[in-house]
Amino acid sequence: MIPEQFGRVAILIALALAFPALPLLASWAFHKFRLRPDNPNPVKQATYECGVEAEGGSWGQFNARYYIFAIGFVIFDVEVIFLFPWATIHAEQPLGTILKAALFVGVLALGLAYAWRRRALEWR
Amino acid sequence: MSATEHLHHIGPALVLLIGSGVVFSADLVTPRRASLWGLTLVALVGGFLYALWHATSGTSGEALSGAVVVDEFGLFFAFVIIIATFAVVVASRDWADGREQAAEFYALILVSAGSMVLLAQSNDLITIFVALETTSIAQFVLAGIARDNRGAEASLKYLLTGAVSAAILLYGFAFLFGIAGTTSLAGIADFVGTADEGTRLPLMLGFVLVAAGFGFKMALVPFHGWVPDVYQGAPTPVVSFLSVASKAAGFAIVLRVFYTGLGGGGTFISDDWAVMFGVLAAASMVFGNAGALLQTDVKRLLGYSSIAQAGNIGIGLAAVAAGSTIGPAGVLFFIGTYVATNLGAFIAVIAASQRLGSDEIADYAGLIRRSPLIAVILIVCLLSLTGIPPTAGFIAKLYIFNGAIQAGETWLVGLVAVGVVNTGVSAYYYLRWMRTIVMDEPLEAWTFRPAVATQGVMMAAGLAVLVIGLMPTPLISAAQRAAAVLQ
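No experiment lies behind these values; they were computed from the predicted model shown.

Caption draft 1: Region of the structure containing the overall build of chain B. Summing up its helical and strand segments, chain B has 21 helices and 2 strands in all. What you see for chain B is a C-alpha radius of gyration of 21 Å, in line with the 23 Å of a compact globule of 487 residues. C-alpha atoms of chain B, sized along the principal axes, occupy 70 × 55 × 40 Å. Within the span of chain B, comprising 487 residues, buried residues form 60% of the whole. Long-range contacts, defined here as pairs at least 24 residues apart, represent 81% of the contacts in chain B between residues at least 6 apart.

Caption draft 2: Representation of the overall build of chain A. Counting secondary structure elements, chain A contains 4 helices and 0 strands. Order of helices (α) and strands (β) in chain A, N terminus to C terminus: α-α-α-α. Principal axes of the C-alpha set define a box for chain A whose edges measure 65 × 55 × 20 Å. Looking at chain A as a whole, 0% of its 124 residues qualify as buried.

Caption draft 3: Summary view of the packing of helix α15 (residues 327–356) of chain B against helix α17 (residues 372–386) of chain B. All names here are of chain B. Viewed as axis vectors pointing N to C, α15 and α17 meet at an angle of 145°, and their least axial separation amounts to 8 Å. As for the relative orientation of α15 and α17, their crossing is left-handed in sense. In this structure, α15 contributes Thr 341, Gly 344, Ala 345, Ala 348, Ala 351 and Ala 352 to the contact, and α17 contributes Ile 374, Ile 377, Leu 378, Val 380, Cys 381, Leu 382, Ser 384 and Leu 385. Classifying every residue of the contact of α15 with α17 by side-chain character gives 11 nonpolar, 3 polar and no charged.

Caption draft 4: Examining the interface of chain B and chain A more closely. In this assembly, 4 residues from chain B lie in contact with 4 residues from chain A. Residue classes in the side of chain B that touches chain A are distributed as 2 nonpolar, 2 polar and no charged.

Caption draft 5: Geometry of the confidence of the model for chain A. Taken residue by residue, chain A gives an average pLDDT of 83. The fraction at 70 or more is 95%. Summarising per-element confidence for chain A, the mean pLDDT is lowest in helix α2 (residues 42–45) of chain A (78) and highest in helix α1 (residues 2–32) of chain A (90).

Caption draft 6: Quick look at the packing of helix α4 (residues 72–91) of chain B against helix α21 (residues 473–484) of chain B. Residue and element names in this part refer to chain B. In contact at an axis separation of 7 Å, α4 and α21 are set at 135° when each is read in the N-to-C sense. Comparing the axis directions of α4 and α21 gives the class oblique. Facing Glu 72, Phe 73 and Phe 76 of α4, the residues of α21 in contact are Ala 478, Arg 481 and Ala 482. Residues belonging to the contact of α4 with α21 are distributed by class as follows: 4 nonpolar, no polar and 2 charged.

Caption draft 7: Representation of unusual backbone geometry in the model. All names here are of chain B. Omega for the bond connecting Val 221 with Pro 222 falls within 30 degrees of zero, at 5°, which places this linkage in the cis form. On the secondary structure map, Pro 222 appears in the loop between α10 (200–218) and α11 (226–233). The omega angle of the peptide bond from Pro 389 to Pro 390 is 5°, so this bond is cis rather than trans. One can find Pro 390 in the loop between α17 and α18 (392–406).

Caption draft 8: Up close: the environment of B:Glu441. All names here are of chain B. As for its placement among the helices and strands, Glu 441 is situated in the loop between α19 (410–438) and α20 (452–470). For the pair formed by Glu 441 and Tyr 364, sequence separation is 77 residues and the distance between their alpha carbons is 9.7 Å. When sequence neighbours within four positions are dropped, the list of residues in contact with Glu 441 reads Ala 365 and Gly 366.

Caption draft 9: Expanded view of the nonpolar core. Residue and element names in this part refer to chain B. Membership of the largest hydrophobic core comes to 194 residues, with the highest contact counts inside it found for Ile 81, Ala 87, Tyr 106, Ala 248, Ala 318, Ile 347 and Ala 348. With 19 residues, α15 is the largest single contributor of residues to this core. Discounting residues that sit within four places of it in the chain, Ala 318 has contacts with Ala 274, Phe 277, Gly 278, Ala 281, Ala 404, Leu 412 and Leu 415.

Caption draft 10: Quick peek at the confidence of the model for chain B. Here chain B averages 92 in pLDDT, while 100% of its residues score no lower than 70. Our summary of model confidence lists the complex with pTM equal to 0.87 and ipTM equal to 0.71.

Caption draft 11: Representation of the environment of B:Trp411. Inspection of the secondary structure puts B:Trp411 in helix α19. For the pair B:Trp411 and B:Trp226, spaced 185 residues apart in sequence, the C-alpha to C-alpha distance is 30 Å.

Caption draft 12: Spatial organisation of α11(B). The buried fraction of α11(B) is high, at 7 of 8 residues. Every buried residue of α11(B) is accounted for by B:Trp226, B:Val227, B:Pro228, B:Val230, B:Tyr231, B:Gln232 and B:Gly233.

Caption draft 13: Region of the structure containing the environment of B:Gly193. Residue and element names in this part refer to chain B. Inspection of the secondary structure assignment puts Gly 193 in helix α9 (residues 185–194). Of the residues examined, Gly 193 has 11 C-beta atoms within 10 Å and is grouped as exposed. Along the backbone, Gly 193 and Leu 262 are 69 residues apart, and their C-alpha atoms lie at a distance of 8.3 Å. In this structure Gly 193 touches Gly 263 and Thr 267, once residues within four positions along its chain are discounted.

What counts, and where the lines are drawn
- Residues numbered from 1 in each chain as written.
- Chains lettered and ligands numbered in written order.
- Predicted model: local features only at pLDDT ≥ 70, side-chain atom pairs only at ≥ 80, totals over all residues.
- Helix = DSSP H or I, 4+ residues; strand = E, 2+ residues; numbered from the N terminus.
- Rg over C-alpha atoms; globule rule 2.2 N^0.38 Å.
- Buried ≥ 20, exposed ≤ 12 C-beta atoms within 10 Å, placed from the backbone.
- Contact = placed C-beta atoms within 7 Å.
- Axes fitted to C-alpha atoms, helices over the stretch in contact; angles between N-to-C directions.
- Left-handed = near helix turned anticlockwise from the far one by under 90°.
- Nonpolar A, V, L, I, M, F, W, Y, C, P; charged D, E, K, R; others polar.
- pLDDT = per-residue confidence, 0-100.
- Parallel < 35°, antiparallel > 145°, perpendicular 65-115°, else oblique.
- Core = buried A, V, L, I, M, F, W, Y, C linked by C-beta atoms within 7 Å.

Written out as structure tokens, the structure reads:
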């Protein structure tokens, strides 16, 4: 029973490792056997080939005002975690659970309204 | 039991918590500060009436699967906490309405008070932890609500100490749960009643960690490090709330966990926690009073004085553990009088420091000529903190010391001797402050008087100190009834 279950996990881990490793390995092998051209340029070497250009090192200081958005995000992120189990049972007892979830979301919404009113959501 | 009945059992706390939400919402729709103050008072009166309803309608027993219990003990503290919060809110109107964070101040005070009421009636380790953390987190924010450097430092220190204490407390709870197999206090009491000597060490490990966690709330040495800095740095109205309501709630929950859970006198573990609180009490009195001797800032002085007073209550806890029958009532009576006394002193300091613009003892010189009312209330409360008759503090100390001697242990008599010596030491710095108020020449001539509402609560606190001192019987019998339900 246990080896069987963990065997599946082991297969998953092997696949998860192989998925990113194989393309890298293939690219390296193609380069090794001169099957692919090798002419790098700055744009090609960038970490991301599209989007905003990366600037400076990742050890720089981040703007502290960002924390308010981070807190807001975490609150609503956690709210969703609580709503998933609720969603699985709310069909059985429709009215009571909807009221309770509404209370829960309502309190958080009040917090959002507060943050909004206090101009915490504006980038200043 | 229906859902409404469950909610009815936590009614007083619920009224305060909902009131906090209403204050927050009101701030979003109206810019008027006066309405926030009024709403806060309405919520507190509502909570008080609900507790009164519990007391008169005979509501009692457990609810929410034994997580909370309605009994005289919880109601005693509900009344103490709500009345203290009411007085603080009335007295801090001038201070709070002048700042941008008025709504946060009122709402967080309500959250904190509501959770304390819940804490006093909680009957399960998990409820205790949740209620304790809710009240603490609100207080961390309150300490820094003025958004100045001092306040930020106080808030951060309070937060860090509080977080570490919460972790220690939880570790202790884990031991208690691990050995007793239940989080309910009644279940732990059953376990302790039937357990054998082999469980002694893990139980001790558990309750020592729990005492360390609660020691932070009670401000017992060596868990007192945050007190002077937070008392000095945080706004005075917040400090007055911390020093009365928070302390009362801390001792309430300690008494419930230790007295109900571990048992006083009879159990094999009771001698251990008696000695533990005896040591903590002696250390708190000695270090608290020694620290207070050197202070020139009134808030720091009151901070050290509150550590020393916690030591006095600690004598009561040791007596409870040693099996003194009047010990628990003594602790409750002391807390009741301490709340009235410290409230009077702090409201006088709030009123004085706003006009004096300083917290230095030297600036209180000749206060009796500049603001006679504030000076008289302050003197009455300082006399009571010292323990001089005919104030309430005298009866309270007498009651606590008497309980300790009644337990019949030699070392407890020694502890009382330490307490008496420390009363003498404390008289030095309390009387020195009083001398500055009465004898010294005022630095400036202009006189002042606080707002009418502040005068009202100040006089009420001062009168309570004197009335309890002259006529202690009603509070004593209330304390006895509250203590009787614990065992």
